[in-house]
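The chain contents come next:
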Amino acid sequence: MRDDASGRVFDWLDAVAEQRRCAGLTRRLRPRSAHSTVLDLAGNDYLGLARHPEVVEAAAAAARRWGAGATGSRLVTGTTELHARLEAELAEFCGFEAALVFSSGYAANLAALAALAGRDTLVVSDAGNHASLIDGCRLSRAEVAVVPHADPAAFRKALDERGPRRAVAVSDAVFSVDGDLAPLGGLAEACRAAGAALVVDDAHGLGVLGDGGRGAVAAAGLAGAPDVVATVTLSKALGSQGGAVLGPERVIAHLVNAARTFVFDTGLAPAAAGAALAALRLLRREPVLATQARAAARRLYQGLAAAGLPVSPPDAAVVAVRAASPQAAVRWAAECRTAGLAVGCFRPPSVPDGVSRLRLTARADLTDTDLARALSVVTGTAPTCASGDG
Ligand SMILES: Cc1ncc(COP(=O)(O)O)c(C=O)c1O
């Protein structure tokens, strides 16, 4: 230990870590084996494409052709034909005029909000929105009205009260914690009545909802509307990494110039672009994948509900089971893992209502045996009182 004060600069972190530990909220990294036999219902690989040979080979081929990294912002080093194809095919598949890809879905959400809203704008944001949308609101420096979850009337009221300012309403399409679907039709109506733009994060809808997996925005009949912008991630159903904003041409042209996470961020890695493009083409060829992911989620839900666990019917491929406390959720998830099943464990601050949950993600490639095993493990390790307001 040094004898000047520099050794104590981060002492305050010990107190913070202790508070976190007492509240059962410590997060720890765990090694991941390449040859694990654990059944994975924790990741977001909804269509089972992350390890699909065509997708993996497309990533490898893209890296061989273009190199391991994009080497700079696309405004500096240019756009590969892979990025251009991915943007064109993604826009066409989801029903939008144009698309722009980013190095993550997180960066895409920051871009959409920070470039479309500013100090002169009111952003109306659902209380259950993903952290990346919340951070996008903050980055935009707009005034933000957070309204109750999935409540178009609350959106409408906030929009009506804004005066002459521009306004943007923003919502997840499928909320990442509970997997419930936003009332997109009602939100669009509220926005149209108020002359506001609607930004929808379709991270958990793409590949799972809508005709052939075209997403929740397409399913709601809003794709391609002049006042609607969607964001998606390439890192869930498409099994790759990255994100995109989809919308009218003039919105996309504005993002190329004004989105800081596009201008000042290294472009999406060629391997990720190649993998996402291969996955998108695969989904187009096998639209049944979307149906299979939803069917697997329904079967998980039915089995958990039949066992009396506190679970809501899934609207997409996320199935969340409530736990009595963060500690109970952590113990439950650990017991599942010991029994060979990986499940997500959501605790504050990742849950807007403070209720901890196990989160199971269904996949199109789960077999009957996988589903039976998952149900037997989750129900067999469930605490006697699983629900609560902890
Ligand atoms: C609703 C939602 N939006 C955005 C993101 C961020 O996407 P990415 O992981 O590609 O950065 C996530 C990721 O968990 C998400 O759940």
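Residues numbered from 1 in each chain as written. Predicted model: local features only at pLDDT ≥ 70, side-chain atom pairs only at ≥ 80, totals over all residues.

- Identification of the protein chain as 8-amino-7-oxononanoate synthase from Streptomyces millisiae is taken from an unreviewed UniProt entry.
- Under Pathway (unreviewed entry), UniProt gives the following word-for-word description of the protein chain: "Cofactor biosynthesis; biotin biosynthesis."
- Regarding the protein chain, the relevant UniProt record gives this comment under Catalytic activity (unreviewed entry): "6-carboxyhexanoyl-[ACP] + L-alanine + H(+) = (8S)-8-amino-7-oxononanoate + holo-[ACP] + CO2". (UniProt positions renumbered as here; feature names shortened; annotations may be inferred.)

**With respect to the overall build of the protein chain**
And step 1. The number of helices and strands found in the protein chain is 15 helices and 11 strands.
And step 2. In terms of overall dimensions, the protein chain is globule-like: its C-alpha atoms have a radius of gyration of 21 Å, near the 21 Å expected for 390 residues.
And step 3. Over its C-alpha atoms, taken along the principal directions, the protein chain stretches across nearly 55 × 55 × 45 Å.
And step 4. Looking at the 390 residues of the protein chain, the share that counts as buried comes to 52%.
And step 5. Taking the intrachain contacts of the protein chain between residues at least 6 apart in sequence as the baseline, contacts between residues at least 24 apart amount to 73%. (Helix = DSSP H or I, 4+ residues; strand = E, 2+ residues; numbered from the N terminus. Rg over C-alpha atoms; globule rule 2.2 N^0.38 Å. Buried ≥ 20, exposed ≤ 12 C-beta atoms within 10 Å, placed from the backbone. Contact = placed C-beta atoms within 7 Å.)

**Remarks on the site of the ligand**
And step 1. Taken together, the neighbourhood of the ligand is formed by 14 residues, with Ser104, Gly105, Tyr106, Ala203 and Thr233 sitting nearest.
And step 2. If one sorts the elements of the shell around the ligand by residue count, helix 5 (residues 105–116) sits on top with 3 residues.
And step 3. In the shell around the ligand, the residues fall into 2 nonpolar, 10 polar and 2 charged. (Near = placed C-beta within 6 Å. Nonpolar A, V, L, I, M, F, W, Y, C, P; charged D, E, K, R; others polar.)

**Thoughts on the sheet that holds strand 1 (residues 39–41)**
The strands that make up a sheet pair up through hydrogen bonds in the backbone, lying either parallel or antiparallel.
And step 1. On the basis of which strands lie adjacent, the open sheet formed by 4 strands has the order 1-10-11-9 and mixed pairing. Looking along the sheet, the strands with just one partner apiece sit at the ends: strand 1 and strand 9 (318–322). Across the sheet, the mean angle separating the axes of adjacent strands is 30° when strand polarity is ignored.
And step 2. Most of the contacts of helix 13 (residues 288–306) go to strand 9, to which it runs at about 20°, and overall it touches strand 9 and strand 11 (357–361).
And step 3. Relative to the sheet, helix 14 (residues 326–338) contacts strand 10 (341–346) and strand 11, its axis offset from that of strand 10 by approximately 165°. (Pairing = 2+ DSSP bridges. Axes fitted to C-alpha atoms, helices over the stretch in contact; angles between N-to-C directions.)

**Observations concerning the sheet that holds strand 3 (residues 121–126)**
And step 1. Read across the sheet, 7 strands follow the order 2-8-7-6-5-3-4 without closing on themselves; strand pairing throughout is mixed. Of all strands in the sheet, those bounded by a partner on one side alone are strand 2 (98–102) and strand 4 (143–147). Averaged over all neighbouring strand pairs, the angle between strand axes comes to 20°, with direction disregarded.
And step 2. Here strand 6 (residues 197–201) runs beside strand 7 (residues 228–233); their pairing, made up of 4 bridges, is parallel. Paired with Asp201 across the bridge in strand 7 is Thr231.

**Things to note about the domain arrangement of the protein chain**
And step 1. Partitioning the protein chain into structural domains gives domain 1 (53–285) and domain 2 (287–380).
And step 2. Centre-to-centre, using C-alpha coordinates, domain 1 lies 26 Å away from domain 2.
And step 3. If you look at the interface, domain 1 gives 16 residues, while domain 2 gives 18 residues. (Domains from an automatic or database assignment.)

**As for the packing of helix 7 (residues 152–160) against helix 8 (residues 184–194)**
Two measures define how a pair of helices packs: the angle their axes make with one another and the distance between the axes.
And step 1. In the contact formed by helix 7 and helix 8, the axes pass within 9 Å of each other and the chain directions differ by 15°. Relative to helix 8, helix 7 is oriented roughly parallel. For the pair helix 7 and helix 8, the crossing hand works out as right-handed. On the side of helix 7, the interface is formed by Pro152, Phe155, Arg156, Leu159 and Asp160, while helix 8 contributes Gly186, Leu187, Glu189, Ala190, Ala193 and Ala194. (Parallel < 35°, antiparallel > 145°, perpendicular 65-115°, else oblique. Left-handed = near helix turned anticlockwise from the far one by under 90°.)

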